[in-house]
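Structural characterization, general
Each chain, letter by letter, is given below.
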Amino acid sequence: MKSPNSRTGRSAKTGHFLLGSSRGAKISEVEDLKVSARMGRILTESASRGLLGDERRTLIKEQIRKK
């Protein structure tokens, strides 16, 4: 049985579901998805810079374009 605190929250503004990195990691584990070494470095870099949301997506796009 699910615990009452296991519900995924919704944005009050848009009504869209919000998934944090920990919830995303659990989903990826179930789906057997692995982060590549390159993507791991990009995510670590963005976390160390304190980037969130759009800033993080912009960094990922920049890194992919460099390829």
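Residues numbered from 1 in each chain as written. Predicted model: local features only at pLDDT ≥ 70, side-chain atom pairs only at ≥ 80, totals over all residues. Heavy atoms only, no water.

Digging into the side chain of Ser 46
Examined against the element boundaries, Ser 46 turns out to sit in helix H2 (residues 37–49). Overall, Ser 46 belongs to the buried group, its relative accessible area being 1%. If we ignore the near neighbours within four places in the chain, the residues touching Ser 46 are Leu 51, Arg 56 and Leu 59. (Helix = DSSP H or I, 4+ residues; strand = E, 2+ residues; numbered from the N terminus. Buried < 20%, exposed > 50% of the residue type's maximum accessible area, 1.4 Å probe, protein only. Contact = heavy atoms within 4.5 Å.)

Regarding the layout of surface pockets
Counted as a void, the largest pocket has a volume near 260 Å³. Taken together, Leu 19, Gly 20, Ser 21, Gly 24, Ala 25, Ser 28, Leu 33, Lys 34, Val 35, Leu 43 and Arg 56 make up the lining of the largest pocket. Looking at the lining of the largest pocket element by element, the count peaks at four residues for helix H1 (residues 21–31). Looking at side-chain class alone, the lining of the largest pocket contains five nonpolar, four polar and two charged residues. (1 Å grid on protein atoms, 1.4 Å probe; cavity = no way out; pocket = protein on both sides within 12 Å on 5 of 7 lines; lining within 4 Å. Points joined across faces, edges and corners; volume = space filled by probe spheres on them. Nonpolar A, V, L, I, M, F, W, Y, C, P; charged D, E, K, R; others polar.)

Here's the deal with the pattern of salt bridges
A side chain of one charge can pair with a side chain of the opposite charge when the charged atoms of the two come close. Counting across every chain of the model gives three salt bridges. Across the salt bridge formed by Arg 57 and Asp 54, the nearest N and O atoms sit 2.7 Å from each other. Pair noted here: Arg 57 and Asp 54 are both in helix H3 (residues 53–66), with a separation of three residues, about one helical turn. (Salt bridge = Lys/Arg side-chain N within 4 Å of Asp/Glu carboxyl O.)

A word on H3
Here H3 spans 20 Å end to end across 14 residues, near enough to the 20 Å set by a 1.5 Å rise per residue. Residues of H3 that are buried: Leu 59, Ile 60 and Gln 63. Burial along H3 is one-sided: seen end-on, the buried residues are contained in an arc of 100 degrees. Along H3, exposed side chains directed more than 90 degrees from the buried face belong to Asp 54, Lys 61 and Arg 65. (Expected span 1.5 Å × (residues − 1). Arc of directions from axis to C-beta.)

Here we look at the side chain of Gln 63
Relative to the assigned elements, Gln 63 resides in helix H3. Its relative accessible area of 18% is what places Gln 63 among the buried residues. With near-sequence residues (within four places) excluded, Gln 63 lies in contact with Arg 38 and Ile 42.

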